[in-house]
Amino acid sequence: MKKTLCSVSVLSSLFILSGLVTVQAEESASNETKLGWSTSAELGAITTSGNTKGTSITGKIDSKQELEQWSNDYTFSAFFKRDETEADDGQTLVETSAERYAASAKGGYKLNKDTARLFIYGSHVDDRFGAYTEYTTVAVGYGDELFKTDTMSLEGEIGPGYYRGKTDLEETENGMIVRSAATYRWQISESARFKQTLSLEYGEDNKRTIAESSLTAKINGRMQMKAAFLVQNDSKVPVGKKKTDTQTSLTFVYSF
């Protein structure tokens, strides 16, 4: 009888231990970041006719690569606007009023903590009609997740860097900067989410701030609709140029 009770006790212990190991393995697998590529492409266009004629197109590609030791982000965006006006002699004049291309890449080396990163960042902007027609930034530093709940998260990063800019007067500026950035995400519901990004590049000559607020609503499994408002401010601009540029967009986003 004692042997039977002992056997039952041992089997029960093994069963409980096996269950605990299984649960821990499942939790570990669920917490692991999925490796590979994830990409989203968005496109929006507006055409006007009548008293005011014109076409504006905006597009963006966001790509993320997850490796065992690295987490990499790549972004490319473009904005183009063309207006049609009628001259006094009746001729139609077509002119480009906005043309902007921007690309950035960031590599994050994963530290022992799951969310901590050492990063290297680079970006380049060509803006034909901007206060700065060219603007290049490189930076290194540290980033981490500041807080996280079931529906919200906040990430931040900071580090030293270098910038080089060319104004529309063909003047070149360059110097050291401190770059800081933050990203806030809020999953409002299963089909809607809000995202706020903010970056500050603080230099002796110029201080560039970029903020974007966006609201995304899911249409189906891969298709979404996104409304966004972008603000860019430069503390120092040539005479005749405004310090702040804004862009409001409504785009379709496809994720794959």
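Just so you know, these numbers come straight off a predicted model, no measurement behind them.

Conventions adopted
- Positions within a chain are numbered from 1, following the residues in the order the chain's sequence is written.
- For this predicted model, a pLDDT threshold of at least 70 governs which residues receive local features, and a threshold of 80 or more governs which side-chain atom pairs are given and counted, while totals over whole chains, interfaces and linings are taken from all residues.
- Derived side-chain values reflect all non-hydrogen atoms in the structure, with water molecules and hydrogen atoms excluded from consideration.
- Labels follow the DSSP assignment, with helices taken as runs of H or I lasting at least four residues and strands as runs of E lasting at least two, numbered in each case from the N terminus.
- To be clear on the numbers: accessible area is Shrake-Rupley with a 1.4 Å probe, and residue cover counts the displayed protein chains and nothing else.
- Two strands make a pair as long as DSSP finds a minimum of two bridges between them.
- Only the stretch in contact is used when fitting a helix axis, every axis being a line fitted to C-alpha atoms; angles between N-to-C directions are given from 0 to 180 degrees.
- Only Phe, Tyr and Trp rings are paired, with Trp represented by its six-membered ring, and only when their centres lie within 6.5 Å; those with planes under 30 degrees apart are stacked, over 60 edge-to-face, the remainder tilted.
- Only protein chains enter the accessibility calculation, which uses a 1.4 Å probe. A residue is then buried if its area is under 20% of the maximum for its type, exposed if over 50%, and partly exposed in between.
- The residues that make up patches have over 30% relative accessible area and no salt bridge, and they are joined within 9 Å when like-charged or within 5 Å when they are Val, Leu, Ile, Met, Phe, Trp or Tyr.
- Any Lys or Arg side-chain nitrogen located within 4 Å of an Asp or Glu carboxyl oxygen qualifies as a salt bridge.
- Within 3.5 Å is the distance limit for a polar contact, defined as a pair of N or O atoms, with the added protein rule that one can donate a hydrogen and the other accept it, and that residues adjacent in sequence qualify only through two side-chain atoms.
- Residue contacts are defined here by distance: any two heavy atoms, one from each residue, within 4.5 Å place the two residues in contact.
- What pLDDT conveys is the predictor's confidence in a given residue, as a value from 0 to 100.

Points about the overall build of the protein
In step 1: Per the secondary structure count, the protein includes one helix and twelve strands.
In step 2: Counting from the amino terminus, the protein carries its helices and strands in the arrangement α-β-β-β-β-β-β-β-β-β-β-β-β.
In step 3: Total accessible area computed for the protein in this model is approximately 16,700 Å², and 58% of it derives from carbon and sulfur atoms.

Some points on the sheet that holds strand β8 (residues 172–187)
In step 1: The strand order around the closed barrel built from twelve strands is β1-β2-β3-β4-β5-β6-β7-β8-β9-β10-β11-β12, with neighbouring strands paired in antiparallel fashion. The sheet shows a mean angle of 20 degrees between the axes of neighbouring strands, direction not considered.

Quick notes on the packing of aromatic side chains
In step 1: Applying the stated criterion across every chain, the model contains six aromatic pairs.
In step 2: Centre to centre, the rings of W70 and Y109 are 5.3 Å apart; their planes meet at 70 degrees, and the pair counts as edge-to-face. One end of the pair, W70, is in strand β3 (residues 70–86); the other, Y109, is in strand β4 (residues 92–110), with 39 residues separating them in the sequence.
In step 3: A residue is classified by how much of its surface remains accessible, and W70, at 35% relative accessible area, is partly exposed.
In step 4: Take Y109: its relative accessible area is 34%, and that puts it in the partly exposed class.
In step 5: For the pair Y132 and Y135, a centre-to-centre distance of 5.2 Å together with 85 degrees between the ring planes defines the contact as edge-to-face. Of the two residues examined, Y132 and Y135, each falls in the buried class.

Points about the pairing of β3
In step 1: As paired elements, strand β2 (residues 53–66) and β3 share 14 bridges and run antiparallel to each other. For K53, the partnering residue across the bridge sits in β3 and is E84.
In step 2: With antiparallel pairing between neighbouring strands as the criterion, β2 and β3 make up a hairpin whose turn holds three residues.
In step 3: Of the strand pairs in this sheet, β3 and β4 are connected by 17 bridges, and their pairing is antiparallel. What sits directly across from F79, in β4, is R100.

Regarding a nonpolar patch on the surface
In step 1: Among the surface-exposed residues, L67, W70, Y109, L111, L118, I120, V140 and Y142 lie close enough to one another that they form a single nonpolar patch of about 670 Å² accessible area.
In step 2: Of all elements in the fold, only β5 (117–127) and β6 (132–148) reach the threshold of two or more residues within the nonpolar patch.

Side note on the side chain of D144
In step 1: Tracing the chain through its elements places D144 in strand β6.
In step 2: Among the polar contacts made by the side chain of D144, one reaches the side chain of Y142 at a distance of 3.0 Å.
In step 3: If near-sequence neighbours (up to four positions away) are discounted, D144 is found in contact with K113, T115, A116, E155 and G156.

Points about the environment of L43
In step 1: Tracing the backbone shows L43 in strand β1 (residues 36–48).
In step 2: Residue classification places L43 among the exposed positions, given a relative accessible area of 54%.
In step 3: Between the C-alpha atom of L43 and that of K60, which follows or precedes it by 17 residues, the distance is 6.7 Å.
In step 4: Beyond its immediate stretch of four places on either side in the chain, L43 contacts I57, T58, G59, T251 and F252.

Notes on the confidence of the model for the protein
In step 1: Overall, the predicted model of the protein reaches an average pLDDT of 85, with 85% of residues at or above 70.
In step 2: Contacts from residues 1–31, a stretch scored under 50 in pLDDT, to residues over four places away or in other chains number zero contacts.

Digging into unusual backbone geometry
In step 1: Positioned with a positive phi, E170 is a non-glycine residue whose angle comes to about 70 degrees.
In step 2: Tracing the backbone through its elements, the reader meets E170 in the loop between β7 (152–167) and β8.
In step 3: For E170, a relative accessible area of 57% corresponds to the exposed category.

Things to note about the side chain of E99
In step 1: By the secondary structure assignment, E99 is in strand β4.
In step 2: Among the polar contacts made by the side chain of E99, one reaches the side chain of Y101 at a distance of 3.1 Å.

Section: the pattern of salt bridges
In step 1: Scanning all chains against the criterion turns up 17 salt bridges.
In step 2: E42 is the partner of K226 in a salt bridge, and the nearest nitrogen-oxygen pair spans 3.1 Å. With K226 in strand β11 (residues 223–234) and E42 in strand β1, this residue pair connects regions lying 184 residues apart in the sequence.
In step 3: Residue classification places E42 among the buried residues on the basis of a relative accessible area of 12%.
In step 4: Two residues, R185 and E155, come together in a salt bridge whose shortest N-O distance is 3.3 Å. In this pair, R185 sits in strand β8 while E155 sits in strand β7, placing the two residues 30 residues apart along the sequence.

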